[in-house]
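Examining the three-dimensional arrangement
If you want the building blocks of each chain, they are given just below.
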Amino acid sequence: MRIAVAGGTGMVGELVVERARAAGHEVVVISRSHGVDLTTGAGLDEALQGVDAVIDVANVETLSRKKAIDFFETTTRHLLAAEERSHVRHHVVLSIVGVDRVDSGYYAGKRRQEELALAGPIPATVLRATQFHEFAAQLIARVPGPVKVVPSMLTRPVAAADVAAELVLLAEGPAQGLATDLAGPEVLKMPAMVRRVARGKLVLTVPAGRAMSGGGLLPAGDFRRGEVTFDEWVAGR
Ligand SMILES: NC(=O)c1ccc[n+]([C@@H]2O[C@H](COP(=O)([O-])OP(=O)(O)OC[C@H]3O[C@@H](n4cnc5c(N)ncnc54)[C@H](OP(=O)(O)O)[C@@H]3O)[C@@H](O)[C@H]2O)c1
């Protein structure tokens, strides 16, 4: 298959590209650094020529509701319209477990992305995954200064590599609408995870909203289980 990975240079995107290539697929990387801008649509028609499936793992780093909704709405609309013109057969989106139960500005953007994909012209699959193991390191990088303030969220973290493998598997098959959630092997608290990778930096815990700290980010029903534990991931870094 020919698979386009929107956000193919990002944290999980690079792993999706690697996994798709290892599975024998031809891969097209979509990102601004590869000459395609999803917010304007520039370069998309050329990038999607002959593409069978698109895996969308593009991202914006923001807590602002408006910015998140603007980004995920605009990029998804551009992708779906270009996919229709290029006769793409399957649109696969990575979302987050709990976006429907936890209210945050960023999650409002993810919900809009899900709605547009599921109601769109291309048969779609939405995979909701929990926080990546790598999210602990992303948090450290995103919080400036030596003191890292981390919300006391409860999570069932999953290796980004397991998420990438699941996305490629889903892209190879028929569209499923909302797929079974993907989560990791164990429930952990985010501040404890961050302390494991903080390398001497001071990590302070702040209360998260009740939904985030009370299990709103954990799968509510059946879920597919990633294999790599947080300890294994830390050991392999
Ligand atoms: N982090 C987690 O724990 C977690 C858990 C579950 C789901 N997710 C979801 O996983 C997805 C990927 O997250 P991530 O942390 O891996 O992302 P990331 O590292 O922030 O990467 C973002 C990617 O999007 C591309 N991009 C951004 N703006 C673009 C634009 N205007 N046009 C084209 N490409 C653009 C970037 O490339 P350029 O900068 O070159 O354009 C980059 O490849 C997100 O949808 C997120 O909601 C994350």
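1. Quick notes on the overall build of the protein
- If you tally the helices and strands in the protein, you get nine helices and 12 strands.
- Over its C-alpha trace the protein gives a radius of gyration of 17 Å, about what one expects of a compact globule, namely 18 Å for 237 residues.
- In terms of principal-axis extent, the alpha carbons of the protein reach across some 50 × 35 × 35 Å.
- Taking all contacts inside the protein whose residues are at least 6 apart in sequence as the whole, residues at least 24 apart take part in 82%.
- Within the structure as shown, the protein displays about 10,800 Å² of accessible surface, and the carbon and sulfur contribution to it stands at 52%.

2. So, the side chain of Glu 73
- For Glu 73, the position within the fold is in helix α3 (residues 65–85).
- Side-chain polar atoms of Glu 73 contact the side chain of Arg 112, separated by 2.3 Å.
- When near neighbours in sequence (up to four residues on either side) are disregarded, Glu 73 contacts Arg 112 and Leu 116.

3. Overview of the packing of α3 against helix α4 (residues 105–119)
- Following both chains from N to C, one finds α3 and α4 inclined at 20°, their axes separated by 7 Å at the closest point. In this view, α3 runs roughly parallel relative to α4, as classed from their interaxial angle. Helix-helix and strand crossings are classified by hand; for α3 and α4 the assignment is right-handed. Here Arg 65, Ala 68, Ile 69, Phe 72, Glu 73, Thr 76, Arg 77 and Leu 80 of α3 come into contact with α4, specifically with Gly 105, Tyr 106, Ala 108, Gly 109, Lys 110, Arg 111, Arg 112, Gln 113, Leu 116 and Ala 117.
- For the contact of α3 with α4, the class distribution of residues is eight nonpolar, four polar and six charged.

4. Details of the site of the ligand
- Around the ligand lies a shell of 28 residues, among which Thr 9, Met 11, Arg 32, Tyr 106 and Lys 110 are the nearest.
- The separation between a nitrogen atom of the ligand and a polar main-chain atom of Leu 38 is 2.9 Å.
- Bound to the protein, the ligand loses 89% of the 910 Å² it would expose on its own.
- In terms of residue count, the dominant contributor to the shell around the ligand is strand β4 (residues 90–96) (three residues).
- Counted by class, the shell around the ligand contains 13 nonpolar, 12 polar and three charged residues.

5. What about the nonpolar core?
- Counting residues in hydrophobic clusters, the biggest one holds 41 residues, and the most contacted among them are Ile 30, Leu 44, Leu 48, Met 190 and Val 194.
- When contributions to this core are tallied by element, the ones reaching two or more residues are β1 (2–6), β2 (26–30), α2 (44–47), α3, α4, α5 (135–142), α7 (190–197) and α9 (230–235).
- Residues within four places of Leu 44 in sequence aside, it is in contact with Ile 30, Val 36, Leu 38, His 78, Leu 79 and Ala 82.
- Core analysis: the next-biggest nonpolar cluster, separate from the first, contains 26 residues, Val 29, Val 163, Ala 164 and Leu 167 among them.

6. Concerning unusual backbone geometry
- Not every positive phi belongs to a glycine, and His 87 is a case in point at roughly 55°.
- If you trace the backbone, His 87 turns up in the loop between α3 and β4.
- On the accessibility criterion, His 87 (66% relative accessible area) is exposed.
- In this model, Arg 199 sits at a positive phi of 45°, which is unusual for a non-glycine residue.

7. Concerning the pairing of β4
- Within β4, seven of the seven residues are buried, which leaves the element mostly enclosed by the surrounding structure.
- Judged by which residues are buried, β4 turns out to be covered on both faces: His 90, Val 92, Leu 94 and Ile 96 on one side and His 91, Val 93 and Ser 95 on the other are all buried.
- The sheet contact formed by strand β3 (residues 53–56) and β4 spans four bridges and is parallel. Bridge pairing links Ile 55 to Val 92 in β4.
- For the segment spanning β3, α3 and β4, crossover handedness is right-handed.
- Handedness of the β-α-β unit built from β4, α4 and strand β5 (residues 124–129) comes out right-handed.

How each quantity is defined
Residues numbered from 1 in each chain as written. Predicted model: local features only at pLDDT ≥ 70, side-chain atom pairs only at ≥ 80, totals over all residues. Heavy atoms only, no water. Helix = DSSP H or I, 4+ residues; strand = E, 2+ residues; numbered from the N terminus. Rg over C-alpha atoms; globule rule 2.2 N^0.38 Å. Contact = heavy atoms within 4.5 Å. Areas by Shrake-Rupley, 256 points an atom, 1.4 Å probe, with all protein chains shown as cover. Polar contact = N/O pair within 3.5 Å; in protein donor to acceptor, adjacent residues only side chain to side chain. Axes fitted to C-alpha atoms, helices over the stretch in contact; angles between N-to-C directions. Parallel < 35°, antiparallel > 145°, perpendicular 65-115°, else oblique. Left-handed = near helix turned anticlockwise from the far one by under 90°. Nonpolar A, V, L, I, M, F, W, Y, C, P; charged D, E, K, R; others polar. Near = heavy atom within 4 Å. Core = buried A, V, L, I, M, F, W, Y, C linked by side-chain atoms within 4.5 Å. Buried < 20%, exposed > 50% of the residue type's maximum accessible area, 1.4 Å probe, protein only. Pairing = 2+ DSSP bridges. Right-handed = clockwise from strand over helix to strand, strands pointing away.

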